[in-house]
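In case you want the letters, here they are:
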Amino acid sequence: MLMKLRIVLGMLPVLLALAGCGSLSVLGTPETATTLNGFRSANGLAELRADPSLTVMASSHAADMARRDNLNHDGFQERRGPRGARAENVAYGCKDTPCVITQWSNSPGHRKNMLIPSLTRYGLASATSSSGKKYWALLVGE
């Protein structure tokens, strides 16, 4: 299963480029976790671990928003599922992770999602539309 997931993740940029998306960035690097987890730690909460299934869902949603050049939560109910996301943040315009985390932390609803105490895992991704707009999706789960 993990091998199949790695293959799918490795092919996503190619598939998205063929579908008309400019580029995709799957974020699960220590720098990303430090940024998100730094925000949670500064608010007295436990760190989250990157989750492959949430990352795939975040990647797919970011790519879909970029393909349509439209910020939305379309399909969130399907991303919830039994092992899915508890909450979702979306954004556009930020060039990097620290920018989008700051943007979300300054928005009451998005901030609330990142500060749910029972969270244990996350998936974060971005994709760039053909118009050059960068879309972000963060999925958090328990």
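Calculation rules
Residues numbered from 1 in each chain as written. Predicted model: local features only at pLDDT ≥ 70, side-chain atom pairs only at ≥ 80, totals over all residues. Heavy atoms only, no water. Helix = DSSP H or I, 4+ residues; strand = E, 2+ residues; numbered from the N terminus. Buried < 20%, exposed > 50% of the residue type's maximum accessible area, 1.4 Å probe, protein only. Contact = heavy atoms within 4.5 Å. Disulfide = S-S within 2.5 Å. Pairing = 2+ DSSP bridges. pLDDT = per-residue confidence, 0-100.

Caption draft 1: Geometry of the overall build of the protein. Scanning the protein for helices and strands turns up 6 helices and 5 strands. For the protein, the α and β elements follow one another from N to C terminus as α-β-α-β-α-α-β-α-α-β-β. Expressed as a percentage of its 142 residues, the buried residues of the protein come to 45%. Taking all contacts inside the protein whose residues are at least 6 apart in sequence as the whole, residues at least 24 apart take part in 68%.

Caption draft 2: Fine view of the state of the cysteines. A full pass over the atoms with the stated rule returns 1 disulfide. In this model, C94 is linked to C99 through a disulfide, with the two sulfur atoms separated by 2.1 Å. Across the S-S bond of C94 and C99 the torsion is about -60 degrees, and the bridge reads as left-handed. Given the relative accessible area of 4%, C94 is considered buried.

Caption draft 3: Geometry of the pairing of strand β5 (residues 134-141). Counting buried positions along β5 yields 8 of 8 residues, so the element is predominantly enclosed. Burial along β5 is two-sided: K134, W136, L138 and V140 and Y135, A137, L139 and G141, pointing in opposite directions, are all buried. In terms of strand pairing, strand β3 (residues 87-92) meets β5 through 6 bridges, oriented antiparallel. If you follow V90 over to β5, its bridge partner there is A137. Here strand β4 (residues 121-128) pairs with β5 via 8 bridges, running antiparallel. Within β5, the residue paired with Y122 across the bridge is V140.

Caption draft 4: Up close: the side chain of N37. Note that N37 resides in helix α2 (residues 30-42). The exposure class of N37 is buried, given its relative accessible area of 3%. The contact partners of N37, leaving out residues within four places of it in the chain, are E47 and L48.

Caption draft 5: Local environment of the confidence of the model for the protein. Of the residues in the protein, 76% have a pLDDT of 70 or more, and the chain-wide mean is 82. At the low end of the mean pLDDT range in the protein sits helix α1 (residues 2-19), at 40; at the high end sits β3, at 98.

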